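# A structural walkthrough
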Amino acid sequence: MAERPAEPRGPVHVDGEVVATKRVGGYRHLTLTAPGVPERFRAGSFVAVTVEGHVARRALWIHRVRASSAFGPTLDVVVDVRGSGTAWLAAQPVGTKVAVTGPLGRPFALPKEAVSCLLVGEGYAAAPLFPLAERLRERGCAVSLVVSAPDEAHLLSALEARRSVRSVTVLTADGSVGQRGTAADHLDDLVRRSRADVVYAAGPTDVLRSAASAAEQVGAWSQVAVEVHTPCGTGLCHGCPLPVVGEDGVDRVVRACAEGPVVRGDRVRWDAL
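Residues numbered from 1 in each chain as written. Predicted model: local features only at pLDDT ≥ 70, side-chain atom pairs only at ≥ 80, totals over all residues. Heavy atoms only, no water.

In regular strands, side chains alternate between the two faces of the sheet. For strand β8 (residues 142-149), a buried count of seven out of eight residues is recorded, marking the element as mostly surrounded by other parts of the structure. Here seven bridges tie strand β7 (residues 116-122) to β8, and the two strands are oriented parallel to one another. Each bridged residue has a counterpart across the sheet, and for V120 the counterpart in β8 is V146. Considered for its hand, the β-α-β crossover made up of β7, helix α3 (residues 129-138) and β8 is right-handed. (Buried < 20%, exposed > 50% of the residue type's maximum accessible area, 1.4 Å probe, protein only. Helix = DSSP H or I, 4+ residues; strand = E, 2+ residues; numbered from the N terminus. Pairing = 2+ DSSP bridges. Right-handed = clockwise from strand over helix to strand, strands pointing away.)

Our next topic: the sheet that holds strand β6 (residues 97-104). Sheet architecture is closed into a barrel: six strands sit in the order β1-β2-β5-β4-β3-β6, paired in antiparallel fashion. Strand-to-strand, the axes of this sheet are offset by a mean angle of 45 degrees, without reference to chain direction. Direction of pairing for strand β1 (residues 12-24) relative to β6: antiparallel, over a ladder of six bridges. Following the sheet pairing, V14 is matched in β6 by V100. (Axes fitted to C-alpha atoms, helices over the stretch in contact; angles between N-to-C directions.)

Let us look at the packing of aromatic side chains. The description of an aromatic ring pair rests on the distance of the ring centres and on the angle between the ring planes. This structure, assessed with the given rule, holds three aromatic pairs. Ring centres 6.5 Å apart and planes at 80 degrees place the aromatic pair F46 and W61 in the edge-to-face group. Residue F46 is located in strand β3 (residues 46-49), and its partner W61 is located in strand β4 (residues 58-66); the two are separated by 15 residues in the primary sequence. Here F46 and W61 have matching classes, each one buried. (Phe/Tyr/Trp six-rings, centres within 6.5 Å; stacked < 30°, edge-to-face > 60°.)

Structural data, given as structure tokens:
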């Protein structure tokens, strides 16, 4: 039998191109070519994109990868306009060349056995949970998903989620869609009802902290994708401090873009974040 070729590893820095762009609710979805990045992708990793006129690059969650298309392998990212850098990126038309580095960071760890998993995401930060759900289903895991947002416009891919997981809970703070409230409001009950063995979370700090706490109360593991400003995305600048407790019990500060962004929820020093 022929030896299976080794999978490509490590990030690459490449010249990419915007090949599709569309407005979906409150976000801009971009499809990029970035040779070598889709082949190396793992759920929970991200890319850093150079933004014109800015020293710091913009870190973007990878929402989806396609192994083949008319443009070759592509990746999708979700842009939430929060300042001049993301505004510039969201405004770029098809054909724009962009410098992309990735995939970066530590991705979600997958269970070795088929277990019950609860995935909790809020806003655009829920993006990495969708490819994660696909990988978990391939391993025979029972996957439940919670998607939340302040309002309907900022829910990410709620309809898509219904096609790929066992159950979906939709929450909006204003009650416009699904149940009224935030993920943090409902997590204790959702974790108990799902009987989750592992809780994965992506979103604002209050959601991550609530997910980690709810998981700990029922004896489940938790992994959280922490969002910290990452000026370079590669760990060189040490500009993304993440306070954690090491396995030796000693408090330390690690780099969110290198030792994270995915870390165990019970290891984060939430009060110091």
